[in-house]
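Here are the chains, one letter per residue:
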Amino acid sequence: HGLPYLDAKLPVKKRVADLLARMTPQEKAGQMTQAERNALGSPGDIAAYGLGSLLSGGGSVPSPNTPEGWADMVDGYQLRTRAARLQIPLIYGVDAVHGHNNLVGSTIMPHNIGLGASRDPQLAERTGAVTAAEVRATGVPWDFAPCLCVTRDERWGRSYESFGEDPALVTAMETVIRGMQGAPDGRDLGRPDKVLATAKHYAGDGGTAYGSSTTGSYTIDQGVTRVTRQELEAVHLAPFREAVRRGVGTVMPSYSSVDFPDDDAGPLKMHAHAELINGVLKERMGFKGFVISDWQAIDQIPGDYASDVRTAVNAGLDMIMVPSAYQDFHRTLLGEAAAGRIPQTRIDDAVARILEQKFKLGLFEKPYADRSGLGAVGSAEHRAVAREAAAKSQVLLKNDGALLPLKPSQKVYVAGSNADDLGNQAGGWTVSWQGSSGRNTVGTTILEGMRKAAASPQSVTYSKDATAPTAGHDVGVVVVGETPYAEGVGDVGNGHDLQLSEADKAAVDRVCAAMRCAVLVVSGRPQLIGDRLDRMTALVASWLPGTEGDGVADVLYGKRPFTGRSPVTWPKSQAQLPINVGDAAYDPQFPYGWGLTTLGA
Ligand SMILES: OC[C@@H]1[C@@H](O)[C@H](O)[C@@H](O)c2nc(-c3ccccc3)cn21
């Protein structure tokens, strides 16, 4: 061919410059356009608009939803780019936030809140590597993860997507980026087991004020973060400085707004925030990857659509997750650039950033799925990593009389809504966007794990509502907690609260009145259990452990010690929220960092 941009021996910078110089305005606008796969008017639009990217939104899965089905789907879209003049490959993106979670049968890790509880950065790196291997094996080179949100108010429906309330803990766990991408300079991105990562959501997504959201029915999600510049820097920007240092390839701004009290400018949408994106992220932090918008997020910027497009792109957005009206977006972007309301230098910088990542991913040389890793999806080796993560994420909050660990010979009475529910222990972003109760994928429930760990399956009685006779048992285990949710749907006030369900309260009351009991809370965030704490002999925060319930059984039965420490402050009441380590008035149920161990047991 003799075309420099197709010469893999040339430096990436040269390939980018050569390709950019060949591109028309239409092709440049196309690269900045990301569409959702289901929104495609026709597959021919991929070449017609020169689309830079497609995504699967949460739960947007191929049929069959199998590893091969994914690779066939992504390759099918990629094939369409061969009809485009320059044959620039698509980059396909998914939310794999705790494993390749849209894919049935994949290894589902604990959500980030549990990884934060593990306090084990090397483990986080290994979970990232497993997720990347399963995602890339199915032909997907880009993962909209990790969330580097710092959860400051657990009434937020995305609290569990955070590693915790302490920016130092979040930063420590960013080893996950190396697991996903490999070396910071991007040299490993062409490997069949690595993906491009996304540091999200820039910035202050976990610091919004309760009741400040004005979009949708959300009460805190997508709201306003009212902080000084110093607090934004220390709490919410610190994780992004680390992500840039680790060479993260993309950054996604937050739906939320920032309102600096010493500004009289009022709240400003992060997707419109030139000072923080151009000025701080790109200029000061030196971020060289590309900035991808959130789903239809630019539409929330006040003003008409043309104003939204130019405001976002001029603020530093490089690619827009439109994701449906991609024809409109493409036309509007072209118009704003042609009119000079978006400088040509801004367009060229955005496209160059996108192309650089595509070259580093090796998509020009190998645009189609490298299926060599397909057999490892959901493999025993991968599940062993998730099992270790589940075990290390368990936080022992109370353990009177050293009730835990259990002995395999003990007769155990198990009850509660989340003892035998794979979907509930996986949580949101699992197979579907919101997740679901029941057996929605392949894995082991906590009860199943306990039955394998006990001396014999008969030594474990299971009665979900605790109505079976309790006599003759040595110890009770009541597994309570939340049903799955994602984003604002999980905001307290949108049909969720921090209370146990009536059924779970009844199960705790029955079992703990009849015998010594350990209560496990399977949830994305602390639950208000203070009024029943004195009835509980032992209490464990299990968070959302994922598909490997064996990991929970491992610490329950002493195969591994409890070592987890709470990544968030456990409140006594909702009135205390937000309550975080370092607050002047600090009187929690359990403090940030609390966790008993059973080392030596
Ligand atoms: O799935 C793509 C992105 C994801 O990466 C972001 O973390 C998350 O904020 C998000 N919300 C929606 C989304 C929200 C409501 C309706 C439809 C879609 C889509 N997305």
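Higher on the page you've got the structure.
Just so it is clear, the structure is predicted and the values come from calculations on it, not from any experiment. (Residues numbered from 1 in each chain as written. Predicted model: local features only at pLDDT ≥ 70, side-chain atom pairs only at ≥ 80, totals over all residues. Heavy atoms only, no water.)

(A) Examining helix α16 (residues 446-453) more closely. Those residues of α16 not exposed but buried are Ile446, Leu447, Gly449, Met450 and Ala453. Taken down its axis, α16 places every buried residue within 160° of arc, on the same side. Contacts made by the buried residues of α16 are with β13 (412-415), α15 (422-426), β14 (460-462), β15 (475-481), β16 (517-522) and α18 (550-556). (Buried < 20%, exposed > 50% of the residue type's maximum accessible area, 1.4 Å probe, protein only. Helix = DSSP H or I, 4+ residues; strand = E, 2+ residues; numbered from the N terminus. Arc of directions from axis to C-beta. Contact = heavy atoms within 4.5 Å.)

(B) Just the sheet that holds strand β2 (residues 53-56), in detail. Taken in spatial order, the 5 strands make up an open sheet running β4-β3-β2-β1-β11, and their pairing is parallel. Every other strand in the sheet has two partners, leaving β4 (142-143) and β11 (320-321) as the edge strands with one partner each. Where strand β1 (residues 33-36) and β11 come together, 2 bridges link them in parallel fashion. Each residue of the ladder has a partner; that of Thr33, found in β11, is Ile320. (Pairing = 2+ DSSP bridges.)

(C) Representation of the site of the ligand in the model. Taken together, 13 residues lie around the ligand, and Asp95, Arg158, His201, Asp294 and Glu487 are the ones closest in. Note that an oxygen atom of the ligand is positioned 2.8 Å from one of the side-chain N or O atoms of Lys200. One nitrogen or oxygen atom from the side chain of Asp294 is found 2.6 Å from an oxygen atom belonging to the ligand. Bound to the protein, the ligand loses 86% of the 440 Å² it would expose on its own. Of the residues contributing to the shell around the ligand, the split by class is 7 nonpolar, 1 polar and 5 charged. (Near = heavy atom within 4 Å. Polar contact = N/O pair within 3.5 Å; in protein donor to acceptor, adjacent residues only side chain to side chain. Areas by Shrake-Rupley, 256 points an atom, 1.4 Å probe, with all protein chains shown as cover. Nonpolar A, V, L, I, M, F, W, Y, C, P; charged D, E, K, R; others polar.)

(D) Region of the structure containing the environment of Phe359. Structurally, Phe359 is set in helix α13 (residues 344-360). Since its relative accessible area comes to 4%, Phe359 is described here as buried. Counting along the chain gives 351 residues from Phe359 to Ala8, while the straight-line C-alpha distance between them is 8.5 Å. Apart from residues lying up to four places away in sequence, Phe359 is in contact with Tyr5, Val12, Arg15, Val16, Leu19 and Phe364.

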